[in-house]
Number of protein chains: 2
Amino acid sequence: MNIGQAARASGVSAKMIRHYETIGLIVKAARSLSGYRHYQARDVHTLRFIRRARMAGFSTVQIKKLLSLWQDRQPAREVKQLAAEHLIDLQARITELESIAQALTQLIEHCHGGERPECPILDNLAGDEPAR
Amino acid sequence: MNIGQAARASGVSAKMIRHYETIGLIVKAARSLSGYRHYQARDVHTLRFIRRARMAGFSTVQIKKLLSLWQDRQPAREVKQLAAEHLIDLQARITELESIAQALTQLIEHCHGGERPECPILDNLAGDEPAR
DNA sequence: ACTTGACCTTCCAACGATGGCAAGGTTCAG
DNA sequence: CTGAACCTTGCCATCGTTGGAAGGTCAAGT
């Protein structure tokens, strides 16, 4: 299977497959005589794993660990730990975004939105307190 | 006022002040004979505006618009519109992160976390459904 | 055989916002 | 005059992903 087929089968773009290879996230693919990479079903499986982990917001570093935990059948403890750390990260980001959204909502509510220029949103950005 | 003073006064690093200048977010600073940039109080004010807008999660492109709305005293309508669009963005990001976090929470709950390798988190990434 | 189009290769660059470092010039106080 | 603190430009790195350019390969149609 060439890289294009592997890409379609896994949902990871050929571009990214090559990239993952260069950063060492996946092992170097076998090559044909003419230099084409070729892939097996298990490589596609791995790529799909990576794609799903990316969708879950794991960083490539984390995915690297997850992959080794997966492929070496390490104790679930470690996986759980990693996932829990990531979850804490996610929650922190959510909380931060929420407080920004909350402040912005307030400001928008208080803006008349008409043709006059005065606007609490701008006033807030310009002046008193940061929009947090 | 030199760039360092402007940086301290505005909370924007000197690095970023130069960067904002190169990308055209702020106008080119006046220079001394020896090439030092120098700033007025109103520049600091502008920088503070930018810093607050960044903290509120606006992109530089959006900030560029906000700045011109602010400085040209355009109708509040336009500001409100821009802020509302940004808010929708924020909310979409929050929603997405929340659904990821929710799925991950589920998976973590179902993981025994012990020394055996089998783990629903890995199973999920490897197999059936994406972690959304 | 030959052309064509789809595919593959590598390398280089960009996004957005920021930090860091290096090599060199300037300013000011001691 | 020297040293510290400041400034200048420029390049590199992050992180994940995408795009392009220039060129080689393959398979199908003529």
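The following refers to the structure shown. In this text, all values refer to a predicted model and were calculated from it rather than measured experimentally.

Some remarks on the overall build of chain A
Item 1. The helix and strand inventory of chain A stands at six helices and two strands.
Item 2. Helices and strands appear in chain A in the N-to-C order α-α-β-β-α-α-α-α.
Item 3. Relative to the globule expectation of 14 Å for 132 residues, the C-alpha radius of gyration of chain A, 23 Å, shows a markedly less compact shape.
Item 4. Looking at chain A as a whole, 40% of its 132 residues are labelled buried.
Item 5. For chain A, contacts bridging at least 24 residues in sequence account for 46% of all contacts bridging at least 6.
Item 6. In the form shown here, chain A has an accessible surface area of approximately 7,300 Å², with 51% of it arising from carbon and sulfur atoms.

A short note on the protein's contact with DNA strand C
Item 1. The local shell around DNA strand C holds 18 residues, among which Gly4(A), Arg18(A), Lys15(B), Tyr36(B) and Thr60(B) are the closest.
Item 2. Taking Arg18(A), its side chain carries an N or O atom lying 2.6 Å from a phosphate oxygen of DNA strand C.
Item 3. One of the side-chain nitrogen or oxygen atoms of Tyr20(B) is found 2.8 Å away from a phosphate oxygen of DNA strand C.
Item 4. Its residues placed into classes, the surface near DNA strand C shows five nonpolar, eight polar and five charged.

Points about helix α3 (residues 41-55) of chain B
Note on helix geometry: an α-helix contains 3.6 residues per turn, so any two residues three or four positions apart are oriented the same way.
Item 1. Under the 1.5 Å per step criterion, the end-to-end length of α3(B) is 21 Å for 15 residues, consistent within 8% with the ideal 21 Å.
Item 2. Those residues of α3(B) that fall on the buried side of the exposure criterion are Val44(B), Thr46(B), Leu47(B), Phe49(B), Ile50(B), Arg52(B) and Ala53(B).
Item 3. Along its buried surface, α3(B) packs onto α6 (120-126) of chain A together with α1 (3-10), α2 (14-22) and α4 (60-71) of chain B.
Item 4. Just downstream of α3(B), Gly57(B) is the residue with a positive phi angle, here 85 degrees.

Let's talk about the relation of the copies chain B and chain A
Item 1. Between the two copies, chain B and chain A, the superposition gives an RMSD of 0.2 Å; the rotation angle is 180 degrees and the shift along the axis is 0.0 Å. Between the two chains, the operation in question is that of a two-fold axis. The C-alpha atom lying nearest the rotation axis in chain B is that of Ile94(B); the distance is 2.8 Å.
Item 2. With an isologous cut-off of 70% or more, the 100% of interface residues of chain B that recur at the interface of chain A puts this contact in the isologous class.

How each quantity is defined
- Residues numbered from 1 in each chain as written.
- Chains lettered and ligands numbered in written order.
- Predicted model: local features only at pLDDT ≥ 70, side-chain atom pairs only at ≥ 80, totals over all residues.
- Heavy atoms only, no water.
- Helix = DSSP H or I, 4+ residues; strand = E, 2+ residues; numbered from the N terminus.
- Rg over C-alpha atoms; globule rule 2.2 N^0.38 Å.
- Buried < 20%, exposed > 50% of the residue type's maximum accessible area, 1.4 Å probe, protein only.
- Contact = heavy atoms within 4.5 Å.
- Areas by Shrake-Rupley, 256 points an atom, 1.4 Å probe, with all protein chains shown as cover.
- Near = heavy atom within 4 Å.
- Polar contact = N/O pair within 3.5 Å; in protein donor to acceptor, adjacent residues only side chain to side chain.
- Nonpolar A, V, L, I, M, F, W, Y, C, P; charged D, E, K, R; others polar.
- Expected span 1.5 Å × (residues − 1).
- Least-squares fit on C-alpha atoms with pLDDT ≥ 70 in both.

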